[in-house]
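Secondary and tertiary structure notes
As a plain string of letters, each chain reads:
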Amino acid sequence: NAGVTQTPKFQVLKTGQSMTLQCAQDMNHEYMSWYRQDPGMGLRLIHYSVGAGITDQGEVPNGYNVSRSTTEDFPLRLLSAAPSQTSVYFCASSQGSAEQFFGPGTRLTVL
Amino acid sequence: GDSVTQMEGPVTLSEEAFLTINCTYTATGYPSLFWYVQYPGEGLQLLLKATKADDKGSNKGFEATYRKETTSFHLEKGSVQVSDSAVYFCALSDLPTGTASKLTFGTGTRLQVTL
C-alpha cells in the first residue's frame, strides 16, 4: 500500500492564481481531512469528509474548497491564492478509529 | 471548545538524557489522546495513544499516561537518542473510540538531541 499520497511536494503561486492540491489514499478509508501547518500554531483543520459525497468545514475553511467524488481522492482547491495561504498542507485519512494516517505534505508559497 | 497546550520548545538534550514534554488539554466529555511525531521533511506519524483515563500508551521507549484528574498526557522517555530529534505534537479527539474523528493539535515541541 502507498498509504496517503500528496502532489505536488512544492508549489509557488502568485497572488490571485488558483490551484488544486491532490490527495489520494489506497486504504479504503472513509474519513479524510486537510490540515495546514504554520509555525507556532500546530496543525489546523481546513476541511474534512466522512465519506464520498460528504464534506464539512473545519477550523479555517475560508479560501479553500473541497469535494469528495470517490473514496480514494480528496482534492483541496485554492480559488484565488493569497500570501496568508503560504503554509505546509497535510492530508490525512482514517477508518473506524481516531488514528489518522498523514501524507508527506505540500509546501505552498504564495508571492 | 477543545484545546491542547504543549510546553514551548525547542528542547535540547544530550543523548541518554531523560525526556519530558508536557501536554495538558481542555475538552468536554472523555477524549482520546495522542502523541504524533514529525521527522524532518516528513508527515506526522502516530507515536502512541490512550483512549481512557489511566491508560498508558507506549511505543519505541516513549510513554504517556492519560491523567483525567490533571487533564494531562505528558510524554516521557528514559534515554533519548539522536534519532529521536523531531517535532512532537500532542492531540486529542473528542469523538468516541471507533468513530472517525477530527483531531485538535497542540503547537508542537521541537526536540533536538546532541551527542
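Now for a description of the structure that goes with this document. None of these values were measured; they are calculated from a predicted model.

Here's the deal with the sheet that holds strand S3 (residues 19–21) of chain B
Strand-to-strand pairing in sheets goes through backbone hydrogen bonds, with the strands running parallel or antiparallel. All names here are of chain B. The strand order S3-S9-S8-S7 describes an open sheet built from 4 strands, whose pairing is antiparallel. On the outer flanks of this sheet lie S3 and strand S7 (56–59), each paired with one strand and no other. In this sheet, neighbouring strand axes are inclined to one another by 15° on average, regardless of whether the strands run parallel or antiparallel. The sheet contact formed by S7 and strand S8 (residues 62–65) spans 4 bridges and is antiparallel. Note that in S8 the partner of Asn59 across the bridge is Phe62.

Re the layout of surface pockets
Its boundaries defined by the atoms lining it, the largest pocket holds a volume of some 830 Å³. If you go around the largest pocket, you meet 35 residues; those closest to its centre are Gln37(A), Arg107(A), Gln38(B), Val87(B) and Arg110(B). Elements supplying a minimum of two residues to the lining of the largest pocket: strand S4 (31–38), strand S9 (87–94) and strand S11 (106–110) of chain A together with strand S10 (86–93) and strand S12 (109–114) of chain B. Of the volumes computed, that of the second largest pocket is approximately 260 Å³. In this structure, the second largest pocket is lined by 16 residues; those nearest its centre are Leu45(A), Glu59(A), Leu103(B), Thr104(B) and Phe105(B). Going through the elements one at a time, strand S5 (42–51) of chain A together with S10 and strand S11 (104–105) of chain B are the ones with two or more residues in the lining of the second largest pocket.

A closer look at the environment of Lys68(B)
Residues and elements named next belong to chain B. Along the chain, the position of Lys68 falls in the loop between S8 and strand S9 (75–77). The spacing of Lys68 and Asp54 is 14 residues in sequence and 7.4 Å in space, taken between C-alpha atoms. What Lys68 contacts, discounting residues up to four positions off in sequence, is Tyr25, Tyr30 and Ala53.

Things to note about the interface of chain A and chain B
Listed as interface residues are 19 residues of chain A and, on the opposing side, 20 residues of chain B. If you look at where chain A meets chain B, you find 0 salt bridges. For the pair chain A and chain B, the number of links is 3 residue pairs in polar contact (both at pLDDT 80 or more). The dominant element in the side of chain A that touches chain B, judged by the number of residues it contributes, is S5(A), at 4 residues. Residue composition of the side of chain A that touches chain B, grouped by class: 10 nonpolar, 8 polar and 1 charged.

Rules used throughout
Per chain, residues are indexed from 1 in the order of the written sequence. Both sets of labels track the order of writing: A upward for chains, 1 upward for ligands. Under the rules for a predicted model, residues below a pLDDT of 70 receive no local features and side-chain atom pairs below 80 are neither given nor counted, while totals for whole chains, interfaces and linings still include all residues. Just so you know, side-chain values use all the structure's heavy atoms and leave hydrogens and water out. Two strands pair under a simple rule: DSSP has to find at least two bridges between them. Helix and strand assignments come from DSSP, with helices taken as H or I runs of at least 4 residues and strands as E runs of at least 2, each series counted from the N terminus. Axis lines are fitted through C-alpha atoms, for helices just across the contact stretch, and the angle between N-to-C directions can take any value from 0 to 180 degrees. Both cavities and pockets are sets of points on a 1 Å grid over the protein atoms alone; in a cavity a 1.4 Å probe fits but cannot get out, in a pocket the set is open with protein on both sides within 12 Å along at least five of seven lines, and lining residues sit with an atom within 4 Å of a point. Grid points are joined across faces, edges and corners, and a volume is the space filled by probe spheres set on the points. The contact criterion used is simple: two residues touch if any of their non-hydrogen atoms lie within 4.5 Å. Criterion for a salt bridge: a side-chain nitrogen of Lys or Arg within 4 Å of a carboxyl oxygen of Asp or Glu. Whenever two N or O atoms come within 3.5 Å, that pair is a polar contact, provided that in protein one can donate a hydrogen and the other can accept it, and provided that, for residues adjacent in sequence, both atoms are side-chain atoms. Each residue receives one of three labels: charged for Asp, Glu, Lys and Arg, nonpolar for Ala, Val, Leu, Ile, Met, Phe, Trp, Tyr, Cys and Pro, and polar for the others, Gly being one of them.

Without other data, these values stay purely geometric and don't point to any function.
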